[in-house]
Amino acid sequence: MKPPPEPAPLESGGAGPSDSRILHVDMDAFYASVAVRDAPELRGRPVIVGGGNRGVVLSATYEARAFGVRSAMPMARARGLCPTAVVVPADHGRYREVSRAIMDVFRDVTPLVAPISLDEAFLDVGGGRRLFGTPVDIARAIRGRIATEQGLTCSVGVAPSMFVAKIASARCKPDSLLVVPPDEVLAFLHPLPTAALWGVGPRTEQALTRLGIRTIGDIARTPADTLRRALGAGAGGHLHALAHGRDDRRVEPDGVDVSVGAEETFSADLADPERLARELLRLSGRVAARLRARGQAARNISIKVRHADFSTVTRARTLAEPTDVTWVIYRTAGELFDELRATSRPLVRLLGVRAARLSAAGRTSHQLAFDERPSGWAEVDRATDGARRRFGEESVRPASLLPDRPPRPAPPREWGPGRV
């Protein structure tokens, strides 16, 4: 895999690139690149990371992408597009290990690092000029270290704001660097399609197209009130601001792991509510156990549902306080799933639960309700964790997850420490 030569960074403009202090670093085809690096005989060949005919593509080398293979594509379709591809299974433990090493490189430059996944992060390098040079110098140094120490490539966008830096890194892939000075932000943004903006998915893009809006420049020239009527007050105002280059968010460090999740692709599509409820409970338990193992708690719980036609829907809810308790996560996931099932397709191909907005588990205190016991499900979880450490992962499970136990776990209104 020989990437194209690196284009010259965009360094023109009166303000100069040194005023673009935000970096977005995005690893190139991360999972697939790690697989090729660890198995050099695969270099130059089309490689797909995924598995099974019912799974989806997690990552693909650029040789495979030349055949039309893309992330999240059904594996059966990917194999049809590229029959000569080498398919390798995912190794999530390995990806986390490499990700930690990459994030350490970032933190050697600045403490202001905000990972948004294992393979990408925002950095604010404004405070590093005296030690490391301009943001462009820092971006080049980071790319060099990752190539030397990890044998991997990355693309870096350098800009005055987070969303412009992210767009810049996407526009210079693979293995390159693009700098957008402050006084060239609008010239950079306005020719781009609306889908390049953060927050413009297929439905929003369709709504914009119906208005004759096809580029970011078109959004900027459209009255804000028109966008609000078409997209809603929040989304319309947000996109109008972005189209004018306005983004006041700061890079806020939030630890290496920004979320913890678990998902399952079923061997056959599921429609049975009882079976789906048990799967939600199983996934919630895995997420909660991982949170407790890391000493973290989550404020936001989300579910991911992929239907038989491969359409994928997510729903999320922010809790009143962070939690690492299995039944709180399951109750929230169950409520989200019930709301979704009321309006969505019946057959489910994949189900996932994710916990985000993480913090240290002991950082917040719990305010007890009037009739609430000071302990309960948290005690159950601690006892379960201890038993599993001693006797194995499958030694303790909720009764509803035991074989030949079809009843659905108790609905949220009946849950409580007395119903184990």
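Our structure is the block above this text.
Residues numbered from 1 in each chain as written. Predicted model: local features only at pLDDT ≥ 70, side-chain atom pairs only at ≥ 80, totals over all residues. Heavy atoms only, no water.

### What to know about helix α4 (residues 92-107)
Here is step 1: Given a rise of 1.5 Å per residue, 16 residues ought to cover 22 Å, and the 22 Å separating the end C-alpha atoms of α4 matches this to within 8%.
Here is step 2: Every buried residue of α4 is accounted for by Y95, V98, S99, I102, M103, V105 and F106. Down the axis of α4, the buried set is contained in an arc of 145 degrees. They therefore lie on one face.
Here is step 3: Those residues of α4 that are buried lie in contact with β1 (22-27), α1 (30-38), β2 (47-49), β5 (113-117), β6 (120-124) and α6 (135-150). (Helix = DSSP H or I, 4+ residues; strand = E, 2+ residues; numbered from the N terminus. Expected span 1.5 Å × (residues − 1). Buried < 20%, exposed > 50% of the residue type's maximum accessible area, 1.4 Å probe, protein only. Arc of directions from axis to C-beta. Contact = heavy atoms within 4.5 Å.)

### Focus on the pairing of strand β12 (residues 348-360)
Here is step 1: The element β12 is extensively covered by neighbouring structure, given that 10 of its 13 residues are classed as buried.
Here is step 2: Taken together, the 8 bridges between strand β9 (residues 259-270) and β12 define a ladder with antiparallel strand orientation. By the bridge assignment for β12, T265 is matched with L350. (Pairing = 2+ DSSP bridges.)

### Overview of the packing of aromatic side chains
Here is step 1: Under the defined criterion, the tally for this structure stands at 4 aromatic pairs.
Here is step 2: Residues W327 and Y330 carry aromatic rings whose centres are separated by 5.7 Å and whose planes lie at 75 degrees to one another, so their mutual orientation is edge-to-face. Remark: Y330 and W327 occur in helix α14 (residues 326-341); sequence separation between them is 3 residues, near one turn of the helix. Like W327, the residue Y330 is buried in the burial classification. (Phe/Tyr/Trp six-rings, centres within 6.5 Å; stacked < 30°, edge-to-face > 60°.)

### Regarding the environment of A224
Here is step 1: Within the fold, A224 resides in helix α11 (residues 224-231).
Here is step 2: Residue classification places A224 among the buried residues on the basis of a relative accessible area of 17%.
Here is step 3: For the pair A224 and H240, spaced 16 residues apart in the sequence, the C-alpha separation amounts to 6.1 Å.

### Looking at the sheet that holds β12
Here is step 1: Spatial ordering of the open sheet is given by β9-β12-β10-β11, a layout of 4 strands whose pairing is antiparallel. Of all strands in the sheet, those with a lone pairing partner are β9 and β11 (312-323), marking the two edges. Across the sheet, the mean angle separating the axes of adjacent strands is 15 degrees when strand polarity is ignored.
Here is step 2: Looking at chain direction, strand β10 (residues 296-307) and β12 are connected through 11 bridges and run antiparallel. Across the sheet, the residue bridging to H307 is V348, located in β12.
Here is step 3: Running over the sheet, helix α13 (residues 273-294) touches β9, β10, β11 and β12 and is turned about 155 degrees from β9. (Axes fitted to C-alpha atoms, helices over the stretch in contact; angles between N-to-C directions.)

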